[in-house]
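Residue-level listing of the chains:
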Amino acid sequence: MRAFRNIVILTGAGISAESGLRTFRAEDGLWEDHPVEEVATPEGFARDPALVQRFYDERRAQIRAASPNPAHEALGRLDREFAGQLLIVTQNIDDLHERGGARRVLHMHGEGLSAWCRACDARHRWEGTLGDGPACPACGEAAMRPDIVWFGEMPYEMDRIFDALASADLFVSIGTSGAVYPAAGFVQQASANGARTLELNLEESLGSRNFDETRLGAASELVPAWVDEVLRD
Ligand SMILES: [Zn+2]
């Protein structure tokens, strides 16, 4: 491998699955046995806010109970030791990248441990429950919702992501199905801008044919091996 200076990494459900966290599965439209329309759309929230708050209260508790696995820790090491530009774009709402030591992380679909006040627009780090309608620490209104990008809402910081893809010389996709846009299109974007593209995944994804190289296996094995390669160059 030639030495790279500007790496963009996209991570998805596959990297957190080995830490016991299940996320939305595109194949059957379910998230922890709930239809995605019920728990991950603005319409679902408007219809039954109590159910949706309870769902994310459970997700928040699961995130806090989970631990980073060797794949998260390897990316934390990459972040510490790689001297070039790096951006880890994650579709995951957990904080396992951060707890694995990574700092240059962008949560395009929001964060499970963040609450967003619809009254004053403030965001707060939130480890407890929202289902009981706590007051916003900034404005006092009981108007907080999960700080999660639901289907039909715009992912966060797309301009920053596309800027990073435009200047990347290596794009790496880890543990994503290649089924959910806009993230599924990042590989073509990076490729069109001249980046080399690498996929690390448990099985071939819908987007595998778009990558220069695909390596199949568990993220907890593939990612540490790849990070070793990059840091050796
Ligand atoms: Zn507020």
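All of the points below concern the structure found in this document. What you see is a predicted model, and the numbers here were worked out from it, not measured in a lab. (Residues numbered from 1 in each chain as written. Predicted model: local features only at pLDDT ≥ 70, side-chain atom pairs only at ≥ 80, totals over all residues. Heavy atoms only, no water.)

### Concerning the coordination of the zinc ion
Here is the rule we go by: The donor set comprises N, O and S atoms within 2.8 Å of the metal, extended to 3.2 Å for Na, K and Ca; water molecules are omitted, so apparent gaps in a site may simply reflect that omission. Under this scheme a four-donor centre is tetrahedral when all angles range from 85 to 135 degrees, a four-donor centre is square planar and a six-donor centre octahedral when opposite donors are above 155 degrees with the rest from 65 to 115, and any other centre is irregular. Runs of H or I in DSSP of at least four residues are treated as helices and runs of E of at least two as strands, each being numbered from the N terminus. Throughout this description, buried means an accessible area under 20% of the type-specific maximum (1.4 Å probe, protein chains only), exposed means over 50%, and partly exposed covers the range between.
Protein-derived ligands of the zinc ion are Cys 117 (SG), Cys 120 (SG), Cys 136 (SG) and Cys 139 (SG), with the metal-ligand distances lying across 2.3 to 2.4 Å. Considering all four donor atoms around the zinc ion, angles at the metal cover 107 to 112 degrees and the coordination shape is tetrahedral. Donor residues for the zinc ion sit on one chain with the sequence pattern C-x2-C-x15-C-x2-C. In this pair, Cys 120 is assigned in the loop between strand S6 (110-117) and strand S7 (123-125) and Cys 136 in the loop between S7 and strand S8 (144-148), connecting sequence segments 16 residues apart. We classify Cys 120 as partly exposed; its relative accessible area is 34%. By relative accessible area, which is 3% here, Cys 136 ends up buried.

### Observations concerning the packing of aromatic side chains
Here is the rule: Pairs were defined over the aromatic rings of Phe, Tyr and Trp, the Trp ring being its six-membered one, requiring ring centres within 6.5 Å. Orientation was assigned from the angle between planes: stacked under 30 degrees, edge-to-face over 60, tilted for the rest.
In the structure shown here, the tally under the stated rule is five aromatic pairs. Relative to Trp 150, the ring of Phe 45 lies with its centre 5.2 Å away and its plane at 50 degrees, an arrangement referred to as tilted. With Phe 45 in helix H3 (residues 42-47) and Trp 150 in the loop between S8 and helix H7 (158-167), this pair connects stretches of sequence that are 105 residues apart. The exposure class of Trp 150 is buried, given its relative accessible area of 2%. Ring geometry for Phe 171 and Phe 211: centres 6.3 Å apart, planes at 20 degrees, overall stacked. Of the two residues, Phe 171 is situated in strand S9 (residues 170-174) and Phe 211 in the loop between strand S10 (196-201) and strand S11 (213-216); the sequence distance between them amounts to 40 residues. Its relative accessible area of 1% is what places Phe 171 among the buried residues. Taking relative accessible area as the criterion, Phe 211 reaches 11% and is therefore assigned buried.

### Notes on the sheet that holds strand S5 (residues 105-107)
Rules: By this definition, two strands are paired if DSSP reports at least two bridges between them. Axis angles are defined between N-to-C directions and span 0 to 180 degrees, where every axis is a line fitted to C-alpha atoms and, for a helix, only to the segment in contact. We call two residues in contact when some of their heavy atoms are within 4.5 Å.
Spatial strand order, S5-S4-S1-S9-S10-S11: six strands in an open sheet with parallel pairing. Here the strands that pair on one side only, and so sit at the sheet edges, are S5 and S11. Each adjacent strand pair in this sheet contributes to an overall mean axis angle of 15 degrees, direction not counted. In terms of strand pairing, strand S1 (residues 6-11) meets strand S4 (residues 85-90) through six bridges, oriented parallel. What sits directly across from Thr 11, in S4, is Thr 90. Helix H9 (residues 219-232) rests against S1, S9, S10 and S11 of the sheet, and its axis sits at about 150 degrees to S10.

### A look at the packing of helix H5 (residues 70-81) against H9
Stated precisely, the cut-off is as follows: Comment on the angle field: the value is read as roughly parallel under 35 degrees, roughly antiparallel over 145, roughly perpendicular from 65 to 115, and oblique elsewhere. Take the far helix as your reference; a near helix turned counterclockwise from it by less than a right angle gives a left-handed crossing, and one turned clockwise gives a right-handed crossing.
At their nearest, the axes of H5 and H9 sit 7 Å apart, and the two run at 15 degrees to each other. One element, H5, and the other, H9, form an angle in the roughly parallel class. In terms of crossing hand, the pair formed by H5 and H9 is left-handed. Along the contact surface, H5 presents Pro 70, Ala 71, Ala 74, Leu 75, Arg 77, Leu 78 and Glu 81, while H9 presents Ala 219, Ser 220, Val 223, Pro 224, Trp 226, Val 227, Asp 228, Val 230 and Leu 231.

### Remarks on the pattern of salt bridges
To keep it simple, the criterion reads: A pair is scored as a salt bridge if a Lys or Arg side-chain nitrogen falls within 4 Å of a carboxyl oxygen belonging to Asp or Glu.
Under the criterion given, the structure shown has 16 salt bridges. Ionic pairing is found between Arg 125 and Glu 127, a salt bridge with its closest N-O pair at 2.7 Å. A relative accessible area of 35% places Glu 127 in the partly exposed class. Counted as one network, the salt bridges with shared partners bring together Arg 64, Asp 95, Arg 99, Arg 125 and Glu 127.

### Considerations on the sheet that holds S8
Pairing is antiparallel across the open sheet formed by three strands, whose spatial order is S7-S6-S8. Edge strands, defined here as strands with exactly one partner in the open sheet, are S7 and S8. For this sheet, the mean inter-axis angle between neighbouring strands, taken without regard to orientation, is 40 degrees. Examined bridge by bridge, S6 and S8 share five bridges and lie antiparallel to one another. Residue Glu 111 lies in a different strand from S8, and its bridge partner there is Asp 147.

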